[in-house]
Structures are given as structure tokens and as C-alpha cells.
Amino acid sequence: MEPVIKVESLTKRFRDLTAVDQVSFSVPEGVCFGLLGPNGAGKTTTIEILEGIQRPTSGHVLYFGRAMQARELYQDIGIQFQHTALQDRLTVRETLRLFQAFYDHPLPLEDLIALCALEDIITRDTRRLSGGQRQRLLLALALVNDPRLVFMDEPTTGLDPQARRHFWALVEAIRARGKTILLTTHYMEEAEHLCDQIAIMDRGRIIARGAPEALLREHFSGVMVRMDDARVPADLLARHAGWHQDGQLCFQTEQVETLVTELIAAGVSLHHLQVQAPNLNDLFLQLTGNALRA
Ligand SMILES: Nc1ncnc2c1ncn2[C@@H]1O[C@H](COP(=O)(O)OP(=O)(O)OP(=O)(O)O)[C@@H](O)[C@H]1O
């Protein structure tokens, strides 16, 4: 089956800055695909080229197996922008109705309300929405034309953890309806939670691509052990390849029992010791030497 999006050697230059550098990937139907990376990595520029908002300096994008002009493309896609100016003095219901009027076959209002959990705020003036409520409305606007492909640019940036989790549940429900989703995020938890496949971007380039669990399996064995920075005998540190990072002592090991036994024998305090599975932040750190959130 043709991928929903196929991106080939996409490059975007702004004067002497290469914001997107030879980026290639494809997104199969029904998948939630994430572009993950720190601020300035090139995620927004990439997604805006795919949305037909920016033109690439070079490279190609195929949708459903063919090149498409913006007008034709907009029948099949929905976009949740990072920032959207809403018409003043309209309620949530009036705003949905306004957007419905742009399409020949919009989704029924009741479906949009149920899909995006808008029941409680349907009569509210859009200027009075909280951050999470506003994002739910923007998601509903992206779904008005019942698109096959939905773009979301950093949809949960600035939301509190509860609103973020609520939004994740809506995204999962939309994917369960067979939609293909392409989102950008700089939250590794979001990518791990929502995305079937990810491309990790840094400085305009894709530095890793695949299913989050598969990528982690490929790059790590064992677990991460972190503890308060402490004086550890040099031979123990070397034997277990430990390193100091952000005021902590870290190990990646398949022999956690041996490590802990040796630390205790060396009289090292195990205060705040944590044993965790490696995550995408660890992967980004390993690939670039920088933390994802830096
Ligand atoms: N219109 C523009 N003119 C000049 N430089 C730009 C323009 N748009 C983006 N850039 C630069 O391109 C690089 C990539 O920006 P982009 O917004 O795509 O990154 P991002 O990964 O989406 O970051 P963020 O999470 O902060 O939105 C940055 O260095 C940015 O300053």
C-alpha cells in the first residue's frame, strides 16, 4: 500500500541557515508518526512544508502516492496549528459551525463535540477557554472535514500534565478511527505514549527513525541506574562504565544486582538511587551528547 506521506530529500534554507537538511521518511496509513526534537531542530519547518504552507528549497513530498497542489490536498488533511487566531466573540459551537461551512461534507456537529470532549464548553466564548480546552477546540477544527491525515504541531506545549493526558486520550481515539496522524513534539513522554513511529530531528537532520521501543532496544541493553553524585572508587566506576551527568551518577547496566552489591561494599550511599528503563531522552543524549529539553 502507498504510504500516506512520502518525503524525499527535503531541504529548506533560510539564507545561510539550513533549517531542514535532506530529510526523508514515509508515514504508512493509520499510523501516529512523531517528529521529535529540541527547539530549533526543524520540526515546524518540516511539518509546514508537508502542510503546503512553506515551499521546500529542494526535495519532494508525495501524498497518497502522488504530488498534490495545496487546494486538492486541503480536502484530505486537517491541521492543528501551534497558534490559531479564532474569530472574536463566537462560542465554541458557533466557531465549529463557521468552519463546517467551509466544506461540502463536514462531520456532524455532535460527532465533533463527542470526539473532542467539548460538551461542557460548547456555549462558552472562545476567549474564555483554558489552554487545554482551546487545544481540544483546535483539534475539532482540524477534524471538521473528516480528514484522512491530521497534522498537529506541538499540540500539548504549555498544557499542564492533566490536560496533556486528556489530550493524548483524544488523539488515541482519533487514531482508533483509522486516521493517520503526523505530530511534532519536544516531549519524549508524548512521543513514547502516542507514536507508533518517530523520527528524531536535530539541527535539521533526522538522526534516528523507527518505532520507539525498537529504537531503544537497538541502542540500549539493560537499565539505567541513577543516584546522587557520590565518591565512587575509580576502578568500580570504570568497571561499570559510569558517568557524571547533571549532578547525578549514571550507569547503563545489565548487572544491576552486581553493581548495587559493589556500591554497598564500597560504602557508597545509595540515596535516591533509581533504576529505570532507558527512554527517548537517554537515546537523544546518547546520539547527540545533549539533553532533549536543552
Ligand atoms: N522564517 C524563518 N526565517 C529564518 N529562520 C527561520 C525561519 N523559520 C525557522 N527558522 C529557523 O530554522 C530553524 C528551525 O526552526 P523550526 O521552527 O522548524 O524548529 P522546531 O524544531 O519546530 O523548533 P520549535 O520547537 O522551537 O518550534 C531554527 O533555527 C529557526 O530559527
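Cut-offs and rules
- Residues numbered from 1 in each chain as written.
- Predicted model: local features only at pLDDT ≥ 70, side-chain atom pairs only at ≥ 80, totals over all residues.
- UniProt positions renumbered as here; feature names shortened; annotations may be inferred.
- Near = placed C-beta within 6 Å.
- Helix = DSSP H or I, 4+ residues; strand = E, 2+ residues; numbered from the N terminus.
- Nonpolar A, V, L, I, M, F, W, Y, C, P; charged D, E, K, R; others polar.
- Pairing = 2+ DSSP bridges.
- Axes fitted to C-alpha atoms, helices over the stretch in contact; angles between N-to-C directions.
- Parallel < 35°, antiparallel > 145°, perpendicular 65-115°, else oblique.
- Left-handed = near helix turned anticlockwise from the far one by under 90°.
- Contact = placed C-beta atoms within 7 Å.
- Buried ≥ 20, exposed ≤ 12 C-beta atoms within 10 Å, placed from the backbone.
- Arc of directions from axis to C-beta.
- Core = buried A, V, L, I, M, F, W, Y, C linked by C-beta atoms within 7 Å.
- Expected span 1.5 Å × (residues − 1).

- By the naming in an unreviewed UniProt entry, the protein chain goes by ABC transporter ATP-binding protein and is assigned to Natronospirillum operosum.
- Its UniProt record gives the protein chain a comment under Subcellular location (unreviewed entry), which states: "Cell membrane".

## Observations concerning the site of the ligand
Phase 1 of the analysis: Around the ligand sit Phe14, Leu17, Ala19, Gly37, Asn39, Gly40, Ala41, Gly42, Lys43, Thr44, Thr45 and His186, and that is every residue in its neighbourhood.
Phase 2 of the analysis: Of all the elements in the fold, those that place two or more residues in the shell around the ligand are β2 (17–27) and α1 (43–50).
Phase 3 of the analysis: Ranked by residue count, the leading element in the shell around the ligand is α1, at three residues.
Phase 4 of the analysis: A class-by-class count of the residues in the shell around the ligand yields four nonpolar, seven polar and one charged.

## Looking at the pairing of strand β1 (residues 5–14)
Phase 1 of the analysis: Relative to strand β4 (residues 58–63), β1 runs antiparallel, the two being bridged by five bridges. Bridging from a neighbouring strand, Ile5 pairs with Tyr63 of β4.
Phase 2 of the analysis: Two successive antiparallel strands, β1 and β2, enclose a turn made up of two residues, where Arg15 displays a positive phi of approximately 50 degrees.

## Quick look at the packing of helix α5 (residues 131–143) against helix α6 (residues 161–176)
Phase 1 of the analysis: Running from N to C, α5 and α6 cross one another at 15 degrees; their axes reach a closest spacing of 9 Å. By the angle class used here, α5 and α6 are roughly parallel. Here α5 runs over α6; the crossing is right-handed. Across the interface between the two elements, Gly131, Gly132, Gln135, Arg136 and Leu139 of α5 pack against Ala163, His166, Phe167 and Leu170 of α6.
Phase 2 of the analysis: Each residue belonging to the contact of α5 with α6 can be placed in one class, and the counts come to four nonpolar, four polar and one charged.

## Quick word on helix α3 (residues 92–100)
Owing to its 3.6 residues per turn, the α-helix aligns residues three or four sequence positions apart on the same side.
Phase 1 of the analysis: Among all positions in α3, only Val92, Leu96 and Phe99 are buried. Projected down its long axis, α3 carries its buried residues within an arc of 65 degrees, all on one side.
Phase 2 of the analysis: Those residues of α3 that are buried lie in contact with α4 (109–115) and α5.

## Some thoughts on the nonpolar core
Phase 1 of the analysis: Core analysis: the largest hydrophobic core is formed by 57 residues, its most contacted members being Leu36, Ala140, Val150, Phe151, Ile181, Leu182 and Ala191.
Phase 2 of the analysis: The leading source of residues in this core is α5, at seven residues.
Phase 3 of the analysis: In this view, Ile181 contacts Cys32, Phe33, Val150, Met152, Val171, Ile174 and Arg175; residues no more than four positions away in its chain are not counted.
Phase 4 of the analysis: In this structure, Met227, Val232, Phe251 and Leu263 belong to the second largest nonpolar core, which totals seven residues.

## Considering α5
Phase 1 of the analysis: For α5, spanning 13 residues, the distance from its first C-alpha to its last is 19 Å, which sits close to the expected 18 Å at 1.5 Å a residue.
Phase 2 of the analysis: The element α5 is extensively covered by neighbouring structure, given that ten of its 13 residues are classed as buried.
Phase 3 of the analysis: Taken together, the buried positions of α5 are Gln133, Gln135, Arg136, Leu137, Leu138, Leu139, Ala140, Leu141, Ala142 and Leu143.
Phase 4 of the analysis: Where α5 is buried, its residues touch β5 (77–80), α3, α4, β6 (149–153) and α6.

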